[in-house]
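Structural description and commentary
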Amino acid sequence: MQIYSFSRLGEMPQRLERVDRLPDEGFVWFDFTRAEAGTWPTHIEPLVQASIHDAHVADSFNGDHPSFFDTTEDYDMVIFQGLVPEDCEGESTTRNLIVTKSAAFFIFDRLLVSIHAPENNAFELIKRKFCETKLRFPSTPFGLVHSILDAMVDRYLTITDELEHQLEGVQDALLDPKNPFEDWQDLLHYRKQAHALELLCEHNLDTIDAWKRDMRGELTDKQRIRLNDLREHIQRVMSHGDSLQKDVEVAVQLHFASVSHQTNRVMRTLTVMSALFFPLTLITGIYGMNFQNMPELSWRYGYFAVLGGLVVVGSVLVYFFRRRGYL
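Criteria and thresholds
- Residues numbered from 1 in each chain as written.
- Predicted model: local features only at pLDDT ≥ 70, side-chain atom pairs only at ≥ 80, totals over all residues.
- Heavy atoms only, no water.
- Buried < 20%, exposed > 50% of the residue type's maximum accessible area, 1.4 Å probe, protein only.
- Helix = DSSP H or I, 4+ residues; strand = E, 2+ residues; numbered from the N terminus.
- Pairing = 2+ DSSP bridges.
- Phe/Tyr/Trp six-rings, centres within 6.5 Å; stacked < 30°, edge-to-face > 60°.
- Lys NZ or Arg CZ within 6 Å of the ring centre and 35° of its normal.
- Salt bridge = Lys/Arg side-chain N within 4 Å of Asp/Glu carboxyl O.
- Core = buried A, V, L, I, M, F, W, Y, C linked by side-chain atoms within 4.5 Å.
- Contact = heavy atoms within 4.5 Å.
- Axes fitted to C-alpha atoms, helices over the stretch in contact; angles between N-to-C directions.
- Arc of directions from axis to C-beta.

On any regular strand, side chains alternate: one points to one face of the sheet, the next to the other face. In terms of burial, strand β7 (residues 111-116) is largely enclosed, as six of its six residues are buried. Burial of the side chains of β7 extends over both faces: L111, V113 and I115 are buried on one face and L112, S114 and H116 on the other. Taken together, the six bridges between strand β3 (residues 27-33) and β7 define a ladder with parallel strand orientation. In the strand pairing of β7, D31 is matched with S114. In this sheet, β7 lies alongside strand β6 (residues 100-107) in antiparallel orientation, the contact comprising four bridges. Bridging across to β7, F106 finds its partner in V113.

The next subject is the packing of aromatic side chains. Inspection of every chain in the model, using the stated rule, returns nine aromatic pairs. Between Y75 and F108 the ring centres are 5.3 Å apart and the planes differ by 45 degrees, which places this aromatic pair in the tilted class. Here the residue Y75 occupies a position in the loop between β4 (68-71) and β5 (76-83), and F108 occupies one in the loop between β6 and β7, the gap between them amounting to 33 residues. Considered together, Y75 and F108 belong to a single accessibility category, that of buried residues. Judged by centre distance (5.4 Å) and plane angle (75 degrees), the rings of Y303 and F304 are edge-to-face. For Y303, a relative accessible area of 57% corresponds to the exposed category. Residue F304 is classed as exposed on the basis of its relative accessible area of 56%. Here the aromatic residues W40, Y75, F106 and F108 are joined through ring pairs into a cluster of three or more. Sitting over the face of the ring of W29, K127 holds its NZ or CZ atom 5.7 Å from the ring centroid.

Here we take up the pattern of salt bridges. A pair can form between side chains of opposite charge whenever their charged atoms are brought close. Using the criterion set out here, one finds eight salt bridges in the structure. Notably, a salt bridge pairs R18 with D20, separated by 2.7 Å at the nearest N-O pair. R18 gets classed as exposed once you look at its relative accessible area, which sits at 63%. Residues R231 and D209 are paired through a salt bridge, measuring 2.7 Å at the closest nitrogen-oxygen approach. Of this pair, R231 sits in helix α6 (residues 221-286) while D209 sits in helix α5 (residues 184-214), and the two are 22 residues apart along the sequence. Each of the salt bridges in this network shares a partner with another, and the network as a whole consists of D31, E124 and K127.

Our focus in this paragraph is the nonpolar core. Of all hydrophobic cores here, the largest spans 41 residues; its most connected members are W29, F105, L149 and W211. Those elements that provide at least two residues to this core are β1 (2-6), β3, β5, β6, α3 (122-131), α4 (141-174), α5 and α6. Examining the composition of this core, we find that 10 residues originate from one element, α4, more than from any other. When sequence neighbours within four positions are dropped, the list of residues in contact with L149 reads F80, F105, I208, W211 and L230. Counting 23 residues, the second-largest nonpolar core is a separate cluster that includes F32, I44, V57 and Y75.

A few words now on the environment of V57. When you line up the elements, V57 lands in helix α2 (residues 54-61). When its relative accessible area of 12% is taken as the criterion, V57 is described as buried. C-alpha of V57 to C-alpha of G38: the two residues are 19 residues apart in sequence and 9.5 Å apart in space. Those residues in contact with V57 that sit more than four places away from it in its chain are W40, P41 and I52.

Topologically, E119 is positioned in the loop between β7 and α3. Using a relative accessible area of 41% as the deciding quantity, one classes E119 as partly exposed. The sequence separation of E119 and T33 amounts to 86 residues, and the corresponding C-alpha distance is 9.2 Å.

Moving on to unusual backbone geometry. Of note in this structure, Q49 is not a glycine but carries a positive phi near 55 degrees. On the secondary structure map, Q49 appears in the loop between α1 (40-48) and α2. Judged by its relative accessible area of 69%, Q49 falls in the exposed class.

In this section: the sheet that holds strand β2 (residues 14-16). Spatial strand order, β2-β1-β3-β7-β6-β5-β4: seven strands in an open sheet with mixed pairing. Whereas interior strands pair on both sides, the edge strands pair on one side only; in this sheet they are β2 and β4. The mean inter-strand angle of the sheet, taken between neighbouring strand axes irrespective of direction, is 20 degrees. Where β4 and β5 come together, four bridges link them in antiparallel fashion.

Moving on to α2. Three or more residues of α2 are buried, namely H56, V57, D59 and S60. Projected onto a plane normal to the axis of α2, the buried residues spread over an arc of 160 degrees and lie on a single side. The inward-facing, buried residues of α2 contact α1, β4, β5, β6 and β7.

See below:
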């Protein structure tokens, strides 16, 4: 558990060991990782003089809980799905990039409580940004939640760039005419990840809309601007995920168009070869018939005449097909 005090007086946030009462100005931030948040309501309820709903407490412990918003008379609860690095050993071309863990926020008037997975690096990023530098820091719990969520969405962009890079490699392999493409499972895996990213953004957008519509206090103009900015940020990622899916579909269509073109070329070559040898086969077939009365068979130069006729017919056909561009 980490505790920070944010003041309205322009002072940098201070790290605290304990809090006995909430400040008259500014607010206090209690940050828990899920492993250490087993009894977090016992630290909070005496300060706010209110009880936390058991269902909300249970939701805060669920790292796989979908994005969600709910409100009570005393606090707003926001659950937001974020991306965390995959825990894998070694490099794999088909590793899962869309690994999600939820972060729960309980927003009181002078207090913010956050419960999240330790792998969620957005929280450490915010702490370095506001608590170790002299940058402007938020003066309300709402502003701090907005900053954390914005950092979590930035992680979406990083994953999207990595996913796009891997998809480009698969697309190049799809369109390589020299090497037949066989990694269809990889392609399906990447398309599923792009779709999962799009669905993740869609659920988070629904949560942002519910927060904007049903939040406990009246939404100010600055808060509305920040929520709209966060919404646009998520929509850009969502559009990117949709574009990745379309790129995969276009690449597959181009792949099959290329394969069809190569097949047509092979079939055209075989057709031309058949057309070349059909009349030659017809002539040799005629003179291969076992009839007693075939006068040409007794001609001294019949064999050479037939060979010459075959050469002439074949040469005429080759010349014709070349003029037509078939050869």
